[in-house]
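Each chain is listed here by its residues.
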Amino acid sequence: MRIIFALIAGGLFGAGLHISGMTDTTKVQGFLDLFGAWDPTLAFVMGGAIIPMALAWRMVPGRTPLVGGEFAPAPDPLLDRRLITGSVLFGVGWGLIGLCPGPAIASLSYGGWTGALFFIAMLAGMWATPLLSPYLDRSDQAA
């Protein structure tokens, strides 16, 4: 049953990425071009994701998931060096390429070699993060 729900959720997520234009790198870069040909439509996509998730975190305490396990906790609101560094790296990659992890995976089916190259670079970054985290943590403690 859990696999069926995961398949449905993944299919809805992928369809949402495609319908909203999040897999169109030019649309994403247009959204990030604040002083050029700015395209604000992706702000509605983000709002359409942030608002329901914020409500869901408010409703979760005392409930259990339909398919077992536990709900993930709300993220810690602390702004530390790790969060800021990760956000900057994510934003630079998103701005340069126009893809974030979900659309990058979706683009493997149609993105050609450039989509595959980005996906490999993304995996390398995910692999390197745990190796570099102790250095960021150490510099946080020194500050």
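In the block above lies the structure referred to throughout.
Predicted, not measured: the structure shown is a model, and the values here were computed from it.

**A few points about the overall build of the protein**
Then step 1. On a plain count of helices and strands, the protein comes out with six helices and zero strands.
Then step 2. Along the chain direction, N to C, the helices and strands of the protein fall in the order α-α-α-α-α-α.
Then step 3. Principal axes of the C-alpha set define a box for the protein whose edges measure 45 × 45 × 30 Å.
Then step 4. Scored against the burial criterion, the 143 residues of the protein give a buried share of 17%.
Then step 5. Excluding contacts between residues fewer than 6 apart, the proportion of contacts in the protein whose partners are at least 24 apart in sequence is 48%.
Then step 6. Of the side chains in the protein, 7 bear a positive and 8 a negative charge, and the two mean positions are spaced by 7 Å.

**A short note on the packing of helix H2 (residues 25–32) against helix H3 (residues 41–59)**
Then step 1. Two elements in contact, H2 and H3, have axes separated by 8 Å at closest approach and are oriented at 95 degrees. Overall, the two elements H2 and H3 adopt an arrangement that is roughly perpendicular. Contacts between H2 and H3 involve Lys27, Val28 and Phe31 from the first element and Thr41, Leu42, Ala43 and Met46 from the second.
Then step 2. Of the residues in the contact of H2 with H3, the class split is five nonpolar, one polar and one charged.

**Some words on a nonpolar patch on the surface**
Then step 1. A grouping of Met1, Ile4, Phe5, Ile8, Leu12, Leu66 and Val67 is seen on the molecular surface, where their side chains present a nonpolar patch of about 760 Å² in accessible area.
Then step 2. Its location among the elements puts Ile4 in helix H1 (residues 2–20).

**Topic: H2**
Then step 1. Those residues of H2 lying buried are Val28, Gly30 and Phe31. With its buried residues spanning 160 degrees around the axis, H2 presents them on a single face.
Then step 2. Tucked inside the fold, the buried residues of H2 contact H3 and helix H4 (81–97).

**Focus: the pattern of salt bridges**
Then step 1. In the structure shown here, the tally under the stated rule is one salt bridge.
Then step 2. For Lys27, the salt bridge goes to Asp39, with nearest N and O atoms at 3.2 Å. Here Asp39 lies in the loop between H2 and H3 and Lys27 lies in helix H2, a separation of 12 residues in the sequence.

**Considerations on the side chain of Thr23**
Then step 1. Position of Thr23 relative to the elements: it lies in the loop between H1 and H2.
Then step 2. The class of Thr23 is buried, set by a relative accessible area of 12%.
Then step 3. Here Thr23 is in contact with Leu17, His18, Leu99, Pro103, Ala106 and Tyr110, once residues within four sequence places are set aside.

**A word on H4**
In an α-helix, one turn spans 3.6 residues; hence positions three or four apart end up facing the same way.
Then step 1. Here H4 spans 24 Å end to end across 17 residues, near enough to the 24 Å set by a 1.5 Å rise per residue.
Then step 2. Trailing H4 by a residue or two, Gly98 shows a phi angle of about 90 degrees, which is positive.

**Focus: the nonpolar core**
Then step 1. In terms of nonpolar packing, the biggest core is built from seven residues, these being Leu17, Met22, Val28, Phe31, Leu42, Trp94 and Cys100.
Then step 2. Setting aside its immediate chain neighbours within four residues, Met22 contacts Leu17, Val28, Leu42, Val45, Trp94, Gly98, Cys100 and Pro103.
Then step 3. In terms of nonpolar packing, the next biggest core, distinct from the first, is built from five residues, Leu99, Ala104, Phe118 and Phe119 among them.

**A closer look at the side chain of Ser20**
Then step 1. Positionally, Ser20 belongs in helix H1.
Then step 2. Only 2.8 Å separates the side chain of Ser20 from the backbone oxygen of Gly16, close enough to count as a polar contact.
Then step 3. At 3.2 Å, the side chain of Ser20 and the backbone oxygen of Leu17 are in polar contact.
Then step 4. Leave out the neighbours within four places in its chain, and Ser20 touches Lys27, Leu42 and Val45.

Procedures and definitions
Residues numbered from 1 in each chain as written. Predicted model: local features only at pLDDT ≥ 70, side-chain atom pairs only at ≥ 80, totals over all residues. Heavy atoms only, no water. Helix = DSSP H or I, 4+ residues; strand = E, 2+ residues; numbered from the N terminus. Buried < 20%, exposed > 50% of the residue type's maximum accessible area, 1.4 Å probe, protein only. Contact = heavy atoms within 4.5 Å. Lys, Arg positive; Asp, Glu negative; His and termini not counted. Charge placed at Lys NZ, Arg CZ, Asp CG, Glu CD. Axes fitted to C-alpha atoms, helices over the stretch in contact; angles between N-to-C directions. Parallel < 35°, antiparallel > 145°, perpendicular 65-115°, else oblique. Nonpolar A, V, L, I, M, F, W, Y, C, P; charged D, E, K, R; others polar. Patch = residues over 30% accessible without salt bridge, like charges linked within 9 Å, V, L, I, M, F, W, Y side chains within 5 Å. Areas by Shrake-Rupley, 256 points an atom, 1.4 Å probe, with all protein chains shown as cover. Salt bridge = Lys/Arg side-chain N within 4 Å of Asp/Glu carboxyl O. Arc of directions from axis to C-beta. Expected span 1.5 Å × (residues − 1). Core = buried A, V, L, I, M, F, W, Y, C linked by side-chain atoms within 4.5 Å. Polar contact = N/O pair within 3.5 Å; in protein donor to acceptor, adjacent residues only side chain to side chain.

Read these as layout, nothing more, since geometry by itself doesn't imply function.
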